Amino acid sequence: MKNLFTLIGSFFFIIIMWLVVYRYLPDQLPMHFSGNEVDKFGSKFSVMNIFLLISFIIFGIAYLFLKFDNKNPNKAKINKPVLLITVLFVAGLNVVYLLNTSNPELDVKKLFFIFIGLTITIFGNYIPELKYNNKIGVRIPQSLKNSDNWRKIQRFSGKVFFIIGILIATTAFLKTLLSFIFSLLLIALGFIIINLYSNKLDL
């Protein structure tokens, strides 16, 4: 029930946010972009309802995910970051759009990399809490061999993901192409480091 109340509270927060800024919005708002140019507009009432509907659907999907297999202790632990990331994503989606309407020069792509970095950092915080299982976590041959390997690899992976998440967030201050390239390289490097560490456990 706590997860449900959090999602409902977050949805009502988004509704209130739209109602507060509604009177200050232009009558016509962007609905579709072609490159960096707006090629379709809609009434602010229609756009508001579209964003509220999208928010409601995402929260509904998140709730179904949180309810699925919730008796699994590992699933219960992974639910915390999933709930947090969902709320941040949906709230961020609405806030970024409203900010973009008031400041068209805002570079939304930079915020995307900040969100991705934050998401990886949050999961990095929770991975070490996962107990030995074959469903959730860093599941590689070495981690599935025994519970001791599992514990060590999850703890090490959590630190790696935490650092990578912070580094990806900082790439938002680079040009978009560089941000994308560095993010991919950091993720690949993270998995290489984790595999090198896990291989040492077999020596």
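Residues numbered from 1 in each chain as written. Predicted model: local features only at pLDDT ≥ 70, side-chain atom pairs only at ≥ 80, totals over all residues. Heavy atoms only, no water.

Student: Quick question: what am I supposed to make of helix 1 (residues 2–22) here?
Tutor: Each turn of an α-helix holds 3.6 residues, which means side chains three or four residues apart point in the same direction. Here helix 1 is 21 residues long and its end C-alpha atoms lie 30 Å apart, about the 30 Å a rise of 1.5 Å per residue gives. Residues L7, S10, F11, I14, M17 and W18 constitute the buried set of helix 1. Seen from one end, helix 1 has its buried residues packed into an arc of 115°, which puts them on one side. Exposed residues lying more than 90 degrees from the buried face of helix 1 are K2, F5, I16, L19 and V20. Against the buried residues of helix 1 lie helix 2 (44–67) and helix 3 (73–102). (Helix = DSSP H or I, 4+ residues; strand = E, 2+ residues; numbered from the N terminus. Expected span 1.5 Å × (residues − 1). Buried < 20%, exposed > 50% of the residue type's maximum accessible area, 1.4 Å probe, protein only. Arc of directions from axis to C-beta. Contact = heavy atoms within 4.5 Å.)

Student: So what exactly am I meant to see when it comes to the nonpolar core here?
Tutor: Within soluble globular proteins, side chains that are nonpolar tend to cluster in buried spots. Residues L7, I14, W18, V47, F59, Y97 and L98 are the most contacted members of the largest nonpolar core, which totals 19 residues. Contributions of two or more residues to this core are made by helix 1, helix 2 and helix 3. Contact partners of L7, with chain neighbours within four places excluded, come to F59, Y63, L66, L83 and V87. Counting 11 residues, the second largest nonpolar core, distinct from the first, contains I120, I127, I153 and V160. (Core = buried A, V, L, I, M, F, W, Y, C linked by side-chain atoms within 4.5 Å.)

Student: Looking at this structure, I do not really get the side chain of T171. What am I missing?
Tutor: As for its placement among the helices and strands, T171 is situated in the loop between helix 5 (147–170) and helix 6 (176–200). Polar contacts involving the side chain of T171 include one to the main-chain carbonyl oxygen of I168, which spans 2.5 Å. (Polar contact = N/O pair within 3.5 Å; in protein donor to acceptor, adjacent residues only side chain to side chain.)

Student: Where do I start with the packing of aromatic side chains in this structure?
Tutor: Describing an aromatic ring pair means giving the distance of the ring centres and the angle of the ring planes. Counted according to the given criterion, the structure contains 10 aromatic pairs. With centroids separated by 6.4 Å and ring planes inclined at 65°, the aromatic side chains of F11 and F12 adopt a geometry described as edge-to-face. Its relative accessible area of 16% is what places F11 among the buried residues. On the basis of an interplanar angle of 75° and a centroid distance of 6.0 Å, the ring pair of F161 and F191 is categorised as edge-to-face. Of the two residues, F161 is situated in helix 5 and F191 in helix 6; the sequence distance between them amounts to 30 residues. Its guanidinium or amino end placed over the ring of Y22, K44 lies 4.5 Å from that ring's centre, counting from NZ or CZ. (Phe/Tyr/Trp six-rings, centres within 6.5 Å; stacked < 30°, edge-to-face > 60°. Lys NZ or Arg CZ within 6 Å of the ring centre and 35° of its normal.)

Student: What should I look at first to understand helix 6 in this one?
Tutor: An ideal rise of 1.5 Å per residue puts 36 Å on 25 residues; helix 6 measures up with 36 Å between its terminal C-alpha atoms. Looking only at helix 6, the buried set comprises S179, S183, L186, G190, I194 and S198.

Student: Can you help me understand the environment of K131 in this one?
Tutor: Here K131 is to be found in the loop between helix 4 (108–126) and helix 5. Here the alpha-carbon distance between K131 and R151, two residues 20 residues apart in the chain, equals 7.3 Å. Leave out the neighbours within four places in its chain, and K131 touches N74, K77 and W150.

Student: Even after reading the chapter, I still don't get the confidence of the model for the protein, so can you show me in this structure?
Tutor: Low pLDDT marks stretches whose predicted atomic positions should not be read closely. A residue-level look at the protein finds 92% of positions with pLDDT of 70 or above and a mean pLDDT of 87. Highest mean pLDDT in the protein belongs to helix 5 (94); lowest belongs to strand 1 (residues 28–34) (73). (pLDDT = per-residue confidence, 0-100.)

Student: When you look at the pattern of salt bridges in this model, what are you seeing that I'm missing?
Tutor: Note that side chains of opposite charge can pair when their charged atoms are close. Inspection of the entire model under this criterion finds 2 salt bridges. Between D148 and R151 there is a salt bridge, with the nearest N and O atoms lying 2.6 Å from each other. Here D148 pairs with R151, and both are found in helix 5, just 3 residues apart, close to one helical turn. Taking the relative accessible area as the measure of exposure, D148 reaches 33% and is therefore partly exposed. Of the charged contacts in the structure, one is a salt bridge between K152 and D148, with a shortest N-O distance of 3.4 Å. Here the residue K152 and the residue D148 both occupy positions in helix 5, the gap between them amounting to 4 residues, near one helical turn. One network of salt bridges, in which partners are shared, links D148, R151 and K152. (Salt bridge = Lys/Arg side-chain N within 4 Å of Asp/Glu carboxyl O.)

Student: Would you take a moment to explain the packing of helix 2 against helix 3 for this structure?
Tutor: Each packed pair of helices is defined by two parameters, the angle between the axes and the distance between the axes. The contact between helix 2 and helix 3 brings their axes to 10 Å, and the two run at 175°. Classified by the interaxial angle, the pair formed by helix 2 and helix 3 is roughly antiparallel. Two secondary-structure elements touch here, helix 2 through V47, F51, I54, S55, I58, F59, A62, F65 and L66 and helix 3 through K75, N79, V82, L83, T86, V87, F89, V90, L93, N94 and Y97. Across the contact of helix 2 with helix 3, the residue classes tally to 15 nonpolar, 4 polar and 1 charged. (Axes fitted to C-alpha atoms, helices over the stretch in contact; angles between N-to-C directions. Parallel < 35°, antiparallel > 145°, perpendicular 65-115°, else oblique. Nonpolar A, V, L, I, M, F, W, Y, C, P; charged D, E, K, R; others polar.)

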